[in-house]
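Structural characterization, general
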Amino acid sequence: MGNYSITIKPTSNTSIVKFETDQFITQHQSFEFDNIDQAKSSPLAQQLFYLPFVKKVYISSNFIAIERYNIVEWIDVQDEVAEQIKDFLNSGGVVANVSEEKKKIPVTVYAESTPNPAVLKFVANKKLVTQSYEFTTIDDTKFAPLAAELFHLPFVKGVFIDDNFVSITKYEVAEWNDITLELREFVRTYIESGKTIINANAPKEVKKTQDYLDAQYEERDDISKEIINILEEYIKPAVASDGGNIEFQSYDPKKKKVKVILQGACSGCPSSTYTLKSGIENMLREMMKDKVETVEAING
């Protein structure tokens with residue numbers, strides 16, 4: 001039995017909707033089926049084709065995309081489809097039967113510097129996780145085998161995993177010139193071997209689930225919603241490119257103060273204060289006019 005949740009994501013094609021899962025459902029493999037006969041290897045796709053409006057099914061590592069016939073509109077059926085997929089996955093249904101003699105998928109990993117001299121970002125050519133995870137000690141890694149193995153290297157001080165990259169914080173005793181190749185090859189080999197990055201049975205942090213975040217967003221005041229939207233659209237992509245993450249924590253209308261949480265390479269970065277003041281704070285002041293005066297960062 002699993003504990004999956006599904007998020008409905010519209011696409012630029014109004015006939016196609018993506019149903020994103022909060023856990024991986026394939027081992028970095030993708031499948032496309034045009035009809036129920038082609039879907040013999042996928043019990044999930046076969047079940048979906050019993051819905052009369054399903055035209056095509058595409059299954060990837062963390063989502064199912066479905067193209068519909070024009071006999072229905074997605075707004076009328078998407079919730080029912082999402083529930084059906086969730087029930088299938090949580091009951092232990094098989095997504096796809098794959099031959100044991102599957103071809104090894106080549107993995108490339110490159111190292112990228114960050115504004116934090118103690119942190120290097122290792123970027124892979126495939127999605128690694130469906131949400132961000134930060135580990136500051138090996139005690140945090142009970143359900144994270146990759147992070148646990150990295151902490152066995154004596155120079156690893158912290159690990160942050162998000163989307164398709166791993167940010168590693170080192171102790172001062174080591175120089176990047178001496179350890180970068182070793183770390184890059186370690187991460188590449190680990191991913192290519194198909195080892196687990198985050199256990200499927202890892203306990204979910206309630207505050208990380210999409211359902212919780214959506215509900216929490218709806219409960220916030222209008223100014224907080226505006227701030228969150230600015231962070232998501234303009235600031236978070238830039239922070240992620242530097243190997244970190246930023247999350248909204250709170251807004252104080254009396255003090256006109258915004259509190260944010262910095263993770264990964266941004267946490268403890270010598271330049272984070274400058275970035276906060278010259279970048280994030282200035283942007284929020286400009287876009288929110290007289291509603292924001294200061295931004296305070298809390299390391300995650």
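This text goes with the structure placed above it.
Residue positions are counted from 1 within each chain, in the order its sequence is given. A pLDDT threshold of at least 70 governs which residues receive local features in this predicted model, and a stricter bar of 80 or more applies before side-chain atom pairs are shown or counted, although totals over entire chains, interfaces and linings include all residues. Only hydrogens and water are set aside; all other atoms, that is, all heavy atoms of the structure, feed into the side-chain values.

A separate point is the pairing of strand β1 (residues 6–10). Note: two strands are recorded as paired if DSSP finds a minimum of 2 bridges between them. Counting from the N terminus, the helices are the DSSP runs of H or I reaching at least four residues and the strands are the DSSP runs of E reaching at least two. Bridge count for β1 against strand β2 (residues 16–21) is five bridges, and the pairing is antiparallel. Its bridge partner lying in β2, I6 is registered against T21. With antiparallel pairing between neighbouring strands as the criterion, β1 and β2 make up a hairpin whose turn holds five residues.

This part takes up the nonpolar core. The term nonpolar core refers to a set of buried residues drawn from Ala, Val, Leu, Ile, Met, Phe, Trp, Tyr and Cys, joined through side-chain atoms within 4.5 Å. Only protein chains enter the accessibility calculation, which uses a 1.4 Å probe; a residue is then buried when its area is under 20% of its type maximum, exposed when over 50%, and partly exposed in between. Core analysis: the largest hydrophobic core is formed by 31 residues, its most contacted members being F135, L150, V156, V159, V166 and L183. For this core, the secondary structure elements donating two or more residues are β7 (119–124), β8 (133–135), α3 (145–151), β9 (156–162), β10 (165–170) and α4 (176–192). Ranked by the residues each element gives to this core, the list is headed by α4, at six residues. The contact criterion used is simple: two residues touch if any of their non-hydrogen atoms lie within 4.5 Å. Ignoring sequence-local partners within four residues, the contact set of L183 consists of F122, L150, L153, F155, V156, I168 and W176.

Before going further, it helps to spend a moment on helix α2 (residues 74–90). To estimate the expected span of a helix, subtract one from its residue number and multiply by 1.5 Å. Its 17 residues give α2 an end-to-end C-alpha distance of 23 Å, which sits within 8% of 24 Å, the value for a rise of 1.5 Å per residue. When we look at burial in α2, the residues that qualify are W74, V77, Q78, V81, A82, Q84, I85, F88, L89 and N90. Looking at the packing, one finds that the buried side of α2 touches β1, β2, α1 (43–49) and β5 (63–68). Once α2 finishes, G92 follows within two positions and takes phi at roughly 85°, a positive value.

What follows concerns the packing of aromatic side chains. Each pair of aromatic rings is reported with the distance of its centres and the angle of its planes. In this scheme Phe, Tyr and Trp rings, the latter by its six-membered ring, pair at centre separations within 6.5 Å, and the angle between planes marks the pair as stacked below 30 degrees, edge-to-face above 60, and tilted otherwise. Scanning the model with the defined rule gives six aromatic pairs in all. On the basis of an interplanar angle of 85° and a centroid distance of 6.0 Å, the ring pair of F53 and W74 is categorised as edge-to-face. Of the two residues, F53 is situated in the loop between α1 and β4 (54–59) and W74 in helix α2; the sequence distance between them amounts to 21 residues. Comparing F53 with W74, the two get one shared label, buried. Ring centres 6.4 Å apart and planes at 5° place the aromatic pair Y133 and F135 in the stacked group. Summarising the burial analysis for this pair, Y133 and F135 share the class buried. We note K18 situated over the ring of F63; from NZ or CZ to the ring centre the distance is 4.3 Å. Comment: the charge-over-ring label is applied if NZ (Lys) or CZ (Arg) is within 6 Å of the ring centre and within 35 degrees of the ring normal.

Turning our eyes to something else, we now look at the sheet that holds strand β3 (residues 31–33). Taken together, five strands build an open sheet; the order of strands is β1-β2-β5-β4-β3 and the sheet is antiparallel. This sheet does not close on itself; its edge strands, each paired only once, are β1 and β3. Across the sheet, the axes of successive neighbouring strands diverge by a mean angle of 20°, strand direction being ignored. Orientation is described by lines fitted to C-alpha atoms, with helices fitted over the stretch in contact, and by angles between N-to-C directions that extend from 0 to 180 degrees. Of the strands in this sheet, β1, β2 and β5 touch α2, which is tilted by about 30° from β2.

The five strands lie next to each other as β6-β7-β10-β9-β8, forming an open sheet whose pairing is antiparallel. Strands at the two margins of the open sheet, each flanked by one partner only, are β6 (109–113) and β8. Across the sheet, the mean angle from the axis of one strand to that of its neighbour is 20°, orientation sign disregarded.

Moving on: α4. Across its 17 residues, α4 extends 23 Å between first and last C-alpha, which sits within 8% of the 24 Å expected from 1.5 Å per residue. W176, I179, T180, L183, V187, R188, Y190 and I191 are the residues of α4 that are buried. An end-on view of α4 places all buried positions within 165° of arc, on one side of the element. Every exposed residue of α4 that faces more than 90 degrees away from the buried side is listed here: D178 and L181. Buried-residue contacts for α4 involve β6, β7, α3, β9 and β10. Residue G194 follows α4 closely and has a positive phi angle near 80°. Along the arc lie the directions from the helix axis toward the C-beta atoms.

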